[in-house]
Amino acid sequence: MPDRDPLPPSSRRLHWLVAALMLGLAGVGLYMSRTETWALYPWHKSLGVLALLVIAVRAVQRLRLGLPAPVQPTSPALQRAARWAHGVLLGLTLLMPLSGMLFSGASGHGFGVFGLPLVPHQDDPSRPGEVLPYHAGLAELGQQAHHWGGYLLLALVTVHVLAALKHHVVDRDRTLLRMLGRKAP
Ligand code: HEM
Ligand code: HEM
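Computed from a predicted model, the values in this text were never measured in an experiment.

**Points about helix α2 (residues 40-65)**
For step 1, the next point in the chain: The end-to-end C-alpha distance of α2 is 37 Å, a good match for the 38 Å that 26 residues give at a rise of 1.5 Å each.
For step 2, the next point in the chain: Buried residues along α2 sit against α1 (9-35), α3 (76-106), β1 (111-113), β2 (116-119) and α4 (136-169).
For step 3, the next point in the chain: Gly-66, located one to two residues past α2, shows a positive phi value of around 80°.

Here's what the structure looks like:
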């Protein structure tokens, strides 16, 4: 993307909306799975599936426009690191909902959007009260990807936020301000 300051409103809105959805869903996901709060599972899944719609729009926009150019020239190594980090963050926004759907779908637990089933729950006829996986191997793959993807997401977002703060406080440049939509004086 050419050097735009502030960044286009659609890029900014999508960045903050996807950021809020990802952080909110990660928080709920960690909480519900550790405390076994089953009532939160349908909410997490429904919002996660809806989040994928916004995420897909953002991913297409990024593929068309590219990542924003840095506000001021930095070392090539730092620029490469930032592009990699942004690329992986973008990839994780797709991996998290897709792996969640793979896990929930293939495991037989099923998922849907606020009561509308997309992959139905499958009872095991030989073991009352248990679910029958559609594909145990794919369910395991989805669960592992969702679990480790969640940790990688939280680690990278921490670095990402610290980098944004460093730009603002130490370098005193417009990296954060142009993402917040503040006009240059
Ligand atoms: C869109 C972004 C999403 C994010 C950021 C997210 C994040 C997370 C995180 C961090 C966990 C805790 C994982 C762990 O520590 O093992 C989790 C759990 C879970 N998520 Fe998601 N999730 C998302 C979407 C989805 C979707 C779309 C589904 C299914 C349709 C889903 C289904 C689940 C399930 C079933 C668990 C519980 C896993 C378990 O009990 O082992 N998630 N999620
Ligand atoms: C809540 C704290 C966050 C802050 C303060 C923040 C700040 C920023 C800033 C200032 C930029 C512009 C970087 C530049 O111009 O080079 C940016 C870009 C980016 N951020 Fe964040 N961010 C946050 C959360 C997130 C989250 C949770 C994600 C994804 C899961 C994310 C993904 C991205 C990506 C992929 C870019 C590259 C540019 C774009 O696609 O719009 N950010 N962020």
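What follows continues from the structure just given.
**Some remarks on α1**
For step 1, the next point in the chain: Between its terminal C-alpha atoms α1 stretches 39 Å, which fits the 39 Å expected from 27 residues at 1.5 Å a residue.
For step 2, the next point in the chain: Buried within α1 we find Ser-11, Arg-12, Leu-14, His-15, Val-18, Met-22, Leu-25, Ala-26, Gly-29 and Met-32.
For step 3, the next point in the chain: Close packing links the buried residues of α1 with α2, α3, α4 and α5 (175-180).
For step 4, the next point in the chain: Backbone geometry just downstream of α1 places Glu-36 in the positive-phi region, at approximately 50°.

**As for the coordination of the iron atom of ligand 2**
For step 1, the next point in the chain: Here the iron atom of ligand 2 is held by His-15 (NE2) and His-160 (NE2), and the distances to it run 2.0 Å.
For step 2, the next point in the chain: With six donor atoms in place around the iron atom of ligand 2 and angles of 86 to 179° between them, the coordination shape is octahedral. A residue pair is termed long-range when its members are at least 10 positions apart, and His-15 in helix α1 and His-160 in helix α4 qualify at 145 residues.
For step 3, the next point in the chain: Among the residues examined, His-160 registers a relative accessible area of 27% and is labelled partly exposed.

How each quantity is defined
- Residues numbered from 1 in each chain as written.
- Chains lettered and ligands numbered in written order.
- Predicted model: local features only at pLDDT ≥ 70, side-chain atom pairs only at ≥ 80, totals over all residues.
- Heavy atoms only, no water.
- Helix = DSSP H or I, 4+ residues; strand = E, 2+ residues; numbered from the N terminus.
- Expected span 1.5 Å × (residues − 1).
- Contact = heavy atoms within 4.5 Å.
- Buried < 20%, exposed > 50% of the residue type's maximum accessible area, 1.4 Å probe, protein only.
- Donors = N, O, S within 2.8 Å, 3.2 Å for Na, K, Ca; no water.
- Tetrahedral: all angles 85-135°; square planar, octahedral: opposite > 155°, others 65-115°.

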